[in-house]
There are 2 protein chains.
Amino acid sequence: MGILERKIRQKENMRTKILAVAMQLVKEEGWQSLSIRKIADAIEYSVPVIYDHFENKEAILFELSMDGFRLLDRLLEKDKRKYADPEERLRAHAETYWNFAFKNPEYYQLMYGLGMPCSSPGKAKPEFNSFREHIAEAIEGIVKDNKSSEDETCFKIYAFWSVLHGLISIVMMRCSDIDDSQMNKKVMDDSVNAFIKNL
Amino acid sequence: MGILERKIRQKENMRTKILAVAMQLVKEEGWQSLSIRKIADAIEYSVPVIYDHFENKEAILFELSMDGFRLLDRLLEKDKRKYADPEERLRAHAETYWNFAFKNPEYYQLMYGLGMPCSSPGKAKPEFNSFREHIAEAIEGIVKDNKSSEDETCFKIYAFWSVLHGLISIVMMRCSDIDDSQMNKKVMDDSVNAFIKNL
DNA sequence: AAGATTTACCTAACGATGTTAGCAAAGGTA
DNA sequence: TACCTTTGCTAACATCGTTAGGTAAATCTT
């Protein structure tokens, strides 16, 4: 009897070993340079063994991203137990989400498909900041009466950009389950309205 | 005299031809499957010719993304000429940005590094919606008194998620020129506060 | 116009990638 | 012992980015 179980256990061990090693490689060198051969080297098996456990490389990355979602979920569950008041809880969730992203950037990138080769803009090229400067001008025009500090204005600019970019990313990557593009647009309109009202 | 000019002109023509062909391939098959050899085939030259005009593949993608920024900039300039009132202009900018993203998804993806192999989640896996459901619960808890419609609540959930995800993406991809992570966090806190106040 | 030189372009390769076919050895079954 | 299934490997295929090295044409020099 034990013999079959042992085999299954070994098979599962191999699978989790592959995932663990893959995740370590991702953390060390980024997901862009993860390769099947590197994984094979690390687990000290030949390449085809990996294909006994995963259909392809994408499946491995997918599984890792799922681990990310599960980890995030556990953290959010903790918030839930800790905070009964919905407002406090919402704030905690935001904090948790933020911290999760920056403590586990590899996970976050895998989960939401971030990071292409070619996009490490920084401040070098002015083109990259064109949109920010346009909305900056408009926002400064709106708030020029109620004398808000320079920092506050700067924050508002980024906040505005964030809503737009965030929503677009979510919709574009099909993370939203709203199919109707009219609806998605309404979410944006609402957000923009709320934002402007609060300026 | 003309002979040198012609050569420069030919060289520039080749360069723009490469970019045009590359962009067409990206539109047809996505940037993930763009290859130097496909470009070479399309322009009917051999592979190394491309390296006379671009240092590497990344440089081509980078240049394409710059085209995207320039195109967006032109559209925003149009808004600027059309709307003198800053509030109207800000709304127009938001609309323009949104439309640009969905009319030119390839550009948007290149510009902001979106779209990894492995992230086409959809609704299949419940893990992907874990965060949305957690914040949904909290938000519903907050708004349960002021009887807002189901749609409105749904919008608010996505709006909240968008601010967080948008800001994280922008910071993570170094699109922001704020270096201080404390400051970035303050942008988030401000946004969260404004959002909750408006619920 | 003839020779020298630069330019334009190509073939062919290198190294790395994801993926798979086919085989050998080890282990269990009859 | 004979058979079969599992396990793992070697070796290959196709594709990728990138580059070295050569050839022939175009250009410049005298």
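Everything that follows concerns the structure shown earlier in this document.
The residue numbering used here restarts from 1 in each chain and proceeds along that chain's sequence as written. Chain A is the first chain written and ligand 1 is the first ligand written, with later ones labelled in order. pLDDT decides what is reported in this predicted model: residues at 70 or higher carry local features, side-chain atom pairs at 80 or more are listed and counted, and totals for whole chains, interfaces and linings draw on all residues regardless.

### Quick look at the overall build of chain A
- Per the secondary structure count, chain A includes nine helices and zero strands.
- From first element to last, N terminus to C terminus, chain A shows the α and β order α-α-α-α-α-α-α-α-α.
- What you see for chain A is a C-alpha radius of gyration of 22 Å, clearly larger than the 16 Å of a compact globule of 199 residues, by over 25%.
- Projected onto its principal axes, the C-alpha positions of chain A cover 80 × 45 × 35 Å.
- In chain A, which comprises 199 residues, the proportion classed as buried is 35%.
- Here the analysis covers contacts within chain A between residues at least 6 apart in sequence; of these, 48% occur between residues at least 24 apart. Here a strand is any run of E in DSSP of at least two residues, a helix any run of H or I of at least four, and the numbering for each starts at the N terminus. Restricting the calculation to C-alpha atoms gives the radius of gyration, and the globule rule supplies 2.2 Å times the number of residues raised to the power 0.38. Here the C-beta atoms are placed from the backbone, and a residue counts as buried if at least 20 other C-beta atoms lie within 10 Å of its own, exposed if 12 or fewer do, and partly exposed otherwise. What counts as a contact here is a pair of residues whose C-beta atoms, placed from the backbone, lie within 7 Å.

### Details of the protein's contact with DNA strand D
- A molecule or strand has a residue near it when that residue's C-beta atom, placed from backbone coordinates, lies within 6 Å of it. For DNA strand D, the set of nearby residues contains 16 residues, the closest of which are Ser46(A), Ser35(B), Ile36(B), Asn56(B) and Lys57(B).
- Contributions of two or more residues to the surface near DNA strand D are made by helix H3 (47-51) of chain A together with helix H2 (36-43) and helix H3 (47-53) of chain B.

### Focus on helix H9 (residues 181-197) of chain B
- Compared with an ideal rise of 1.5 Å per residue, which puts 17 residues at 24 Å, H9(B) spans 24 Å between its outermost C-alpha atoms and is within 8% of the ideal.
- All buried positions along H9(B) are accounted for by Asn184(B), Val187(B), Met188(B), Ser191(B), Val192(B) and Phe195(B). Down the axis of H9(B), the smallest arc covering the buried residues is 130 degrees, so these residues share one side. Of the exposed residues in H9(B), the ones pointing more than 90 degrees away from its buried face are Gln182(B) and Lys197(B).
- Tucked into the core, H9(B) has its buried residues touching helix H5 (86-103) and helix H8 (150-172) of chain A together with helix H8 (150-172) of chain B. Given the number of residues in a helix, its expected span is that number minus one, multiplied by 1.5 Å. Think of it as the arc spanned by the lines of direction from the helix axis to the C-beta atoms.

### What to know about the protein's contact with DNA strand C
- Of all residues adjacent to DNA strand C, which total 16 residues, the nearest are Ser35(A), Ile36(A), Asn56(A), Lys57(A) and Ser46(B).
- Looking at side-chain class alone, the surface near DNA strand C contains nine nonpolar, three polar and four charged residues. All amino acids are sorted into three groups, where Ala, Val, Leu, Ile, Met, Phe, Trp, Tyr, Cys and Pro are nonpolar, Asp, Glu, Lys and Arg are charged, and the leftover types, Gly among them, are polar.

### Some details on the interface of chain B and chain A
- Listed per partner, the contact involves 76 residues of chain B and 76 residues of chain A.
- For the side of chain B that touches chain A, the secondary-structure elements that each account for two or more residues are helix H4 (57-82), helix H5 (86-103), helix H6 (105-112), helix H7 (130-143), H8 and H9 of chain B.
- Here the side of chain B that touches chain A takes 14 residues from H8(B), the largest share from any one element.
- Tallied by class, residues from the side of chain B that touches chain A come to 44 nonpolar, 17 polar and 15 charged.

### Digging into the relation of the copies chain B and chain A
- We superpose the copies by least squares over the C-alpha atoms of residues that have a pLDDT of at least 70 in both of them. When chain B is fitted onto chain A, the two copies agree to an RMSD of 0.1 Å after a turn of 180 degrees and an axial shift of 0.0 Å. The operation mapping one copy onto its partner corresponds to a two-fold rotation axis. Residue Gly166(B) of chain B places its C-alpha closer to the rotation axis than any other residue of that unit, at 1.7 Å.
- Taken together, the interface assignments show that 100% of the residues at the interface of chain B recur at the interface of chain A, consistent with an identical surface on both copies.

### Here's the deal with unusual backbone geometry
Residues and elements named next belong to chain A.
- Within the chain, Glu-44 stands out as a residue other than glycine whose phi angle is a positive 60 degrees.
- Looking at the element boundaries, Glu-44 is found in the loop between helix H2 (36-43) and H3.
- Among the residues examined, Glu-44 registers 9 C-beta atoms within 10 Å and is labelled exposed.

### Brief notes about the packing of helix H4 (residues 57-82) of chain A against H5(A)
Residue and element names in this part refer to chain A.
- Where H4 meets H5, the closest approach of the two axes is 9 Å, and the angle between their N-to-C directions is 155 degrees. With respect to H5, the axis of H4 lies roughly antiparallel. Relative to H5, the crossing made by H4 is right-handed. Contacts between H4 and H5 involve Leu-72, Leu-75, Leu-76, Asp-79, Lys-80 and Lys-82 from the former and Arg-89, Ala-92, His-93, Thr-96 and Phe-100 from the latter. In this analysis an axis means a line fitted to C-alpha atoms, helices contributing only their contacting stretch, and an angle means the value between N-to-C directions, from 0 to 180 degrees. With respect to orientation, any angle under 35 degrees is reported as roughly parallel, any angle over 145 as roughly antiparallel, any angle of 65 to 115 as roughly perpendicular, and every other angle as oblique. Take the far helix as the reference: if the near one is turned anticlockwise from it by less than a right angle, the crossing is left-handed, and if turned clockwise, right-handed.

Purely geometric stuff here, so don't read any function into it on its own.
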